[in-house]
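Spelled out, the chains give:
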Amino acid sequence: MTLALSLLPDHYAVSRFESNESIPAWATRSQFFTVTRTTDELSITCPEADVPRDVAKCERGWRAFKLHGPFDFGLTGILASVLNPLAEVGVGI
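Definitions and limits used
- Residues numbered from 1 in each chain as written.
- Predicted model: local features only at pLDDT ≥ 70, side-chain atom pairs only at ≥ 80, totals over all residues.
- Heavy atoms only, no water.
- Pairing = 2+ DSSP bridges.
- Helix = DSSP H or I, 4+ residues; strand = E, 2+ residues; numbered from the N terminus.
- Axes fitted to C-alpha atoms, helices over the stretch in contact; angles between N-to-C directions.
- Core = buried A, V, L, I, M, F, W, Y, C linked by side-chain atoms within 4.5 Å.
- Buried < 20%, exposed > 50% of the residue type's maximum accessible area, 1.4 Å probe, protein only.
- Contact = heavy atoms within 4.5 Å.
- Salt bridge = Lys/Arg side-chain N within 4 Å of Asp/Glu carboxyl O.
- Phe/Tyr/Trp six-rings, centres within 6.5 Å; stacked < 30°, edge-to-face > 60°.

Side note on the pairing of strand 2 (residues 12–17)
Sheet analysis places strand 2 next to strand 4 (residues 42–47), joined by six bridges and oriented antiparallel. Residue Tyr12 lies in a different strand from strand 4, and its bridge partner there is Pro47. Two strands pair when backbone bridges link them, and strand 2 and strand 5 (residues 58–62) are joined in this way by three bridges, in the antiparallel orientation. For Val14, the partnering residue across the bridge sits in strand 5 and is Glu59.

Some words on the sheet that holds strand 4
What the four strands build is an open sheet, ordered 3-4-2-5; its pairing is antiparallel. Bordering the open sheet on either side are strand 3 (34–37) and strand 5, each of which pairs with just one other strand. Strand-to-strand, the axes of this sheet are offset by a mean angle of 15°, without reference to chain direction. Alignment of strand 3 against strand 4, held across four bridges, turns out to be antiparallel. For Arg37, the partnering residue across the bridge sits in strand 4 and is Leu42.

Some remarks on the nonpolar core
Counting residues in each nonpolar core, the largest one holds nine residues, listed as Ala13, Phe17, Trp26, Ala27, Leu42, Ile44, Cys46, Val51 and Val55. Contributions of two or more residues to this core are made by strand 2 and strand 4. When residues of this core are assigned to their parent elements, the largest contribution, three residues, is made by strand 4. Apart from the residues within four sequence positions on either side, Cys46 is in contact with Tyr12, Ala13, Trp26, Ala27, Phe32, Phe33 and Val51.

Notes on the side chain of Ser43
Turning to its location among the elements, Ser43 is positioned in strand 4. If near-sequence neighbours (up to four positions away) are discounted, Ser43 is found in contact with Val14, Ser15, Thr34, Val35 and Thr36.

With respect to the pattern of salt bridges
What the rule picks out here adds up to one salt bridge. Residue Arg16 is joined to Glu41 by a salt bridge in which the shortest nitrogen-to-oxygen separation is 3.7 Å. With Arg16 in strand 2 and Glu41 in the loop between strand 3 and strand 4, the pair connects residues that are 25 residues apart, well separated along the chain.

Comments concerning the packing of aromatic side chains
For the coordinates displayed, the defined rule picks out two aromatic pairs. Measuring from ring centre to ring centre gives 5.3 Å for Tyr12 and Phe32, while their planes differ by 80°; the resulting arrangement is edge-to-face. Pair noted here: Tyr12 is in strand 2 and Phe32 is in the loop between strand 2 and strand 3, with a separation of 20 residues, a long-range link. We classify Phe32 as partly exposed; its relative accessible area is 34%. Ring geometry for Phe17 against Trp26: centres 6.2 Å apart, planes inclined by 50°, an arrangement best described as tilted. Both residues of the pair, Phe17 and Trp26, belong to the buried class.

Okay, structure coming up:
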């Protein structure tokens, strides 16, 4: 199987909040964002331009790849085939 990968144009930020905080409106403005809530934290990834400067726990300057699909739910090894080469050359994931 040949995989197609492209670099998204924006720079992204990963922000962390207390697990019980509400999802801020700015977090879902763009076409690409992730929101994950666990018992430990609320984690938001979105374009860094959307994140207010006063967000205390925020790492900016991340880039994002798009792995072109769709992929059947039964496929295995897709992420490993992309992530292992990146890890081997020292790219943070």
